[in-house]
Amino acid sequence: MRAIVFDQFGGPDVLREADIDVPQPGPGQVRVRVKAAGLNALDGKIRAGMLEAVRPTTFPAVPGGELAGVVDALGEGVSDVQVGDEVLGWSDTGSYAQYALATAVAPKPSGLDWQHAVALPVAGETAERVLDLLGVAAGETVLMHGASGAVGTVAVQLATARGARVIATAGPSNQEYLTSLGATATVYGEGLVERVQALAPDGVDAVFDLAGKGALEDSITLRGGTDRIVTIADFGARQLGVTFSQGPQERSSARLAALARDAAAGKLVTTVTVYPLDQAATAQQVSDAGHVRGKLVLTVD
């Protein structure tokens, strides 16, 4: 099968197309004919060797942690999924490929296309995990740093659905985008503390850092301490006494199915930028640069 692999750590240029063996499902797994693969910032960090201490890589490695496609083989003990089912979920073997294995999948509604379906597994799980860690509730104000990406797009909507007010930061080009999702938008950078204080004179109740670019010090200032601040992107968090949340803690097929139904019904908006599989290196270069709006997706023939 066609797949994107890398044999050494480095920049996006280490990615190459290769012909590798089709994986065989083990107990509890399904094999999926991939239609779309989700691309995450984590993929670039793994490719660069930044996470080798916690996630050792075996070469050649296939990137990609989420998929949408059609089930074409079942492992032993699988009874809740059938061959031919259209699904979305998390990949066990790397999803930048024509076929991938998965343990946790959810049904793809007929009204949801492949590209928007694959925008949900990682973003949905991460957003819900952090909002739960923060204990976000109705009537509270949440500050989200770098909220225009895939996780932020979902997190803004889930937080507002809980009845919270979201103040979200992004670059100038994404201000209207965040506003359209229901957030109060502002730019990041110098003067952020003053801008947020003007928007929330009574303070912010919680902070969700998706940017990982030096926003934690400002967050501590705004919160008056490290309580109820969580980052998924700043590896210096522990030195500051801030919680770093690394997941997934739980891959819930049931919860993913509910998010997919909401997306199909138009209750949850996803935004995607699509590249063909053979442009994976270009897509990862875009991801590495940051400032992505919504989700980067690879389509697989």
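Residues numbered from 1 in each chain as written. Predicted model: local features only at pLDDT ≥ 70, side-chain atom pairs only at ≥ 80, totals over all residues. Heavy atoms only, no water.

Moving on, we come to the packing of helix H3 (residues 121-134) against helix H4 (residues 150-161). Packing of H3 against H4 brings their axes to within 8 Å, and their N-to-C directions diverge by 50°. Comparing their axes, H4 and H3 come out oblique. The two elements H3 and H4 meet at a crossing, and its hand is right-handed. Touching Ala123, Gly124, Thr126, Ala127, Glu128 and Leu131 of H3 are Ala150, Val151, Val154, Ala155, Leu158 and Ala159, all from H4. (Axes fitted to C-alpha atoms, helices over the stretch in contact; angles between N-to-C directions. Helix = DSSP H or I, 4+ residues; strand = E, 2+ residues; numbered from the N terminus. Parallel < 35°, antiparallel > 145°, perpendicular 65-115°, else oblique. Left-handed = near helix turned anticlockwise from the far one by under 90°. Contact = heavy atoms within 4.5 Å.)

Following the criterion strictly, the structure yields 1 cavity of 30 Å³ or more and no others. Roughly 40 Å³ of volume is contained in the largest cavity. Surrounding the largest cavity, Ala119, Ala150, Thr153, Val154, Thr270, Thr271, Gly294 and Lys295 form its lining. Among the elements that line the lining of the largest cavity, the one with the most residues is H4, at 3 residues. Structurally, the lining of the largest cavity is a two-domain feature, drawing no fewer than three residues from each of domain 1 (2-121 + 250-299) and domain 2 (123-244). (1 Å grid on protein atoms, 1.4 Å probe; cavity = no way out; pocket = protein on both sides within 12 Å on 5 of 7 lines; lining within 4 Å. Points joined across faces, edges and corners; volume = space filled by probe spheres on them. Domains from an automatic or database assignment.)

Here the chain is partitioned into domain 1 (2-121 + 250-299) and domain 2 (123-244). Between the C-alpha centres of domain 1 and domain 2 the distance comes to 26 Å. Across the boundary between the two partners, domain 1 contributes 21 residues, which contact 18 residues of domain 2. Between domain 1 and domain 2, roughly 1,500 Å² of surface is buried when both sides are summed, and carbon and sulfur atoms account for 51% of that area. (Buried area = accessible area lost by both parts, 1.4 Å probe.)

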